[in-house]
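Here's the letter readout for the chains.
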Amino acid sequence: MLSQIKVLEFAGLAPTVFIGMVLADYGAQVTILSRLDAQPQNSPMNRGKKSMTFDLKNKQDIDIVKRMVKDSNVLIDPYRPGVLERLGLSYQICSEINPKLIYCRVTGFGQNSPLKEKAGHDINFISYGGVLAYCASTGNQKRPAIPGNVVGDFASGGMLGVASILAALINIQKGGNGQLIDLGMAQGAAYLSQFILHQKNEKLWSNGIGNNVLDGGTHFYNIYQCQDGKFMSVGCLEEKFYQEFIKALIVGGLTQERGQFLLENQLNSNEWENLKSEISQLFLKKTRDQWENIFDQFDACVSPVVELEEYESKKYLGENVFTKRNGQIEVSGQPIFSDHKFQLKEIPKIGQHNHEKPKL
């Protein structure tokens, strides 16, 4: 789909590498520009890309990069503010070379924030962006829970970067010029939180951390540990799903009398803590697989908390989602398109395509 699009990806960390992977999966010609002393790039997020090495302190190498800029559609900048400017590859210079260039800069806090020079990682970005404050841990601890590094690095950094680049490409197709995209992951995290902010504005999310419907405050939207140490997730918000949930719990050992009490008290916040405790004790009496077999009989919005490694034996998401390369599990491109088939492309070695550098 993007076979005519050429992307220059300066070697960086998670979000920009992910942007390059998605564009490459969609068919773009992505070239990683690495330093001469770069470490091996054996991440599956580099699949389908080319790899070239440069001495970015060498004027001739900078001139080669500028030559590549002239023939490219997208440049991805993973560095802190000011790095590419000092190398002579600022947006102003690159856009003069190629007015149609999309120059996407991904940093923790954006180019204009008071925090722009501050170091950080995903957990810091989602802290400033307001996300971590509503990621409550389950159980009795009313404190934020760390949601891995998916939200900051790969959602607000990676996928928002892909979306902005595709929007800029459409703008160019309509006759517009290139764009400078200033993507701060903290700002992106705040953007992803629009729904939660609306809930708070409407006083629907105002009971403190871990006390609201969607952050583990209720017994019907929560995570429960099973006998084998694994977990089940429960999300039966609507009454019809909640009724199915209670039916399944009765099959699993809940008495009819307690089932009726739960049915009558779904929205009674005064009972939520007690009901969470009661249901927790019930889940601990069976393994996750046993509970999964029970809930498979009911449309209750209850799911096993699946670890990625399990997809090798259990095809929850169907075929052609997870695959294996060199003994390691890998996820194929998503979503499914009617006229584009994702291929598991090779991961380049550092500098593998140096022979393709343009001549000055």
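Residues numbered from 1 in each chain as written. Predicted model: local features only at pLDDT ≥ 70, side-chain atom pairs only at ≥ 80, totals over all residues. Heavy atoms only, no water.

- The protein appears in an unreviewed UniProt entry as Alpha-methylacyl-CoA racemase from Paramecium sonneborni.

### What about the pairing of strand S1 (residues 6–10)?
- Across the 5 residues that make up S1, a large majority, 4, are buried.
- Pairing analysis gives 5 bridges linking S1 to strand S2 (residues 29–35), with the strands arranged parallel. The residue of S2 that forms the bridge with Lys-6 is Gln-29.
- The parallel pair S1 and S2, bridged by helix H1 (residues 14–25), forms a crossover whose chirality is right-handed.
- Pairing of S1 with strand S4 (residues 74–77) involves 3 bridges; the strand directions are parallel. Residue pairing in the sheet places Val-7 in a bridge with Val-74 of S4. (Buried < 20%, exposed > 50% of the residue type's maximum accessible area, 1.4 Å probe, protein only. Helix = DSSP H or I, 4+ residues; strand = E, 2+ residues; numbered from the N terminus. Pairing = 2+ DSSP bridges. Right-handed = clockwise from strand over helix to strand, strands pointing away.)

### Comments concerning unusual backbone geometry
- In this structure, the amide linkage connecting Gln-334 to the following residue, Pro-335, adopts the cis form with an omega of -5°.
- Topologically, Pro-335 is positioned in the segment after strand S11 (328–331).
- Of note, Lys-203 is a non-glycine position whose phi angle comes to about 60°, a positive value.
- Mapped onto the secondary structure, Lys-203 falls in the loop between helix H8 (194–201) and strand S7 (221–225).
- Phi is positive for Cys-301, which is not a glycine, with a value near 60°.

### Some details on the sheet that holds strand S9 (residues 302–304)
- An order of S7-S8-S9 is seen for the 3 strands of this open sheet, with the pairing classed as antiparallel. Of all the strands in the sheet, the pair left with one neighbour each is S7 and S9. Across the sheet, the mean angle from the axis of one strand to that of its neighbour is 20°, orientation sign disregarded.
- Pairing geometry for S7 and strand S8 (residues 231–235), over 5 bridges, is antiparallel. For Gln-225, the partnering residue across the bridge sits in S8 and is Phe-231.
- In this fold helix H12 (residues 288–295) packs onto S8 and S9, with an angle of close to 35° to the strand it touches most, S8. (Axes fitted to C-alpha atoms, helices over the stretch in contact; angles between N-to-C directions. Contact = heavy atoms within 4.5 Å.)

### A closer look at the side chain of Lys-49
- In this fold, Lys-49 is placed in the loop between S2 and strand S3 (50–54).
- Judged by its relative accessible area of 3%, Lys-49 falls in the buried class.
- A polar contact is formed between the side chain of Lys-49 and the backbone oxygen of Val-17, at a distance of 3.0 Å. (Polar contact = N/O pair within 3.5 Å; in protein donor to acceptor, adjacent residues only side chain to side chain.)

### What about helix H9 (residues 239–251)?
- With 13 residues, H9 ought to run about 18 Å at 1.5 Å a step, and its terminal C-alpha atoms sit 19 Å apart, in line with that.
- Taken together, the buried positions of H9 are Phe-241, Tyr-242, Glu-244, Phe-245, Ile-246, Ala-248 and Leu-249.
- Looking at the buried side of H9, the elements it contacts are S8, helix H10 (256–264), helix H11 (272–283), H12 and S9.
- Following H9 by one or two positions, Gly-253 has its phi on the positive side, about 130°. (Expected span 1.5 Å × (residues − 1).)

### Considering the nonpolar core
- Core analysis: the biggest nonpolar cluster contains 33 residues, and Val-7, Leu-23, Val-74, Ile-102 and Ile-165 have the highest contact counts within it.
- Going through the elements one at a time, H1, S4, strand S5 (102–107), helix H6 (150–173), strand S6 (179–184) and helix H7 (185–192) are the ones with two or more residues in this core.
- The element best represented in this core is H1, accounting for 8 residues.
- Apart from the residues lying within four places of it in its own chain, the contact partners of Val-7 are Leu-23, Ala-28, Gln-29, Val-30, Thr-31, Val-74 and Ile-76.
- Core analysis: the second largest hydrophobic core is formed by 25 residues, Cys-236, Phe-245, Phe-283 and Ala-300 among them. (Core = buried A, V, L, I, M, F, W, Y, C linked by side-chain atoms within 4.5 Å.)

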